[in-house]
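Read off the chains here:
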Amino acid sequence: MQQTVPKIELPGELESPSAKLVYLYLTTHDGSSITELQDGLEMKKISLYSILSTLCKRGLVRQEAERYHLVQ
């Protein structure tokens, strides 16, 4: 029996592969800290801060204390 994989829609305004990766990571986790993102994606914190700042400004991600969540 084949298992169906849910289809995840990426926002059209995401052009950067790194931003897409962060967005996809957040779709599979119920909030993540910078350290969790760094460990899970093997990206530098400085890059993550920049990407998350952009995603927050675009209204795609929100920050609650030290954790980042997708805006639903």
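Residues numbered from 1 in each chain as written. Predicted model: local features only at pLDDT ≥ 70, side-chain atom pairs only at ≥ 80, totals over all residues. Heavy atoms only, no water.

Caption draft 1: How the structure looks around the sheet that holds strand 2 (residues 61-64). Read across the sheet, 3 strands follow the order 1-3-2 without closing on themselves; strand pairing throughout is antiparallel. Of all the strands in the sheet, just strand 1 (32-33) and strand 2 have a single pairing partner and so form its edges. Those strands touched by helix 1 (residues 17-27) are strand 1, strand 2 and strand 3 (67-70), and its axis lies near 90° from that of strand 3. Each of strand 2 and strand 3 touches helix 3 (residues 45-57); the most contacted strand, strand 2, lies at about 110° to it. (Pairing = 2+ DSSP bridges. Helix = DSSP H or I, 4+ residues; strand = E, 2+ residues; numbered from the N terminus. Contact = heavy atoms within 4.5 Å. Axes fitted to C-alpha atoms, helices over the stretch in contact; angles between N-to-C directions.)

Caption draft 2: How the structure looks around the side chain of H69. Mapping H69 onto the fold places it in strand 3. H69 sits in the buried class, given a relative accessible area of 14%. Ignoring anything within four residues of it in the chain, the contact list for H69 reads D30, G31, L60, V61, R62 and E64. (Buried < 20%, exposed > 50% of the residue type's maximum accessible area, 1.4 Å probe, protein only.)

Caption draft 3: Examining the pattern of salt bridges more closely. Across all of its chains, the model carries 2 salt bridges by this definition. Between R67 and E36 there is a salt bridge, with its nearest N and O atoms 3.1 Å apart. With R67 in strand 3 and E36 in helix 2 (residues 34-41), the pair connects residues that are 31 residues apart, well separated along the chain. E64 is the salt-bridge partner of R62, the closest N and O atoms lying 2.2 Å from each other. (Salt bridge = Lys/Arg side-chain N within 4 Å of Asp/Glu carboxyl O.)

Caption draft 4: Up close: unusual backbone geometry. The backbone of E42 sits at a positive phi, close to 55°, despite the residue not being glycine. Here E42 lies in the loop between helix 2 and helix 3. In this structure, A65 takes a positive phi of about 55° despite not being glycine. Along the chain, A65 turns up in the loop between strand 2 and strand 3.

Caption draft 5: Local environment of the pairing of strand 2. Pairing of strand 2 with strand 3 involves 4 bridges; the strand directions are antiparallel. The partner of V61 across the bridge, within strand 3, is L70. As consecutive antiparallel partners, strand 2 and strand 3 are separated by 2 residues, and within that stretch A65 has a phi angle of approximately 55°, a positive value.

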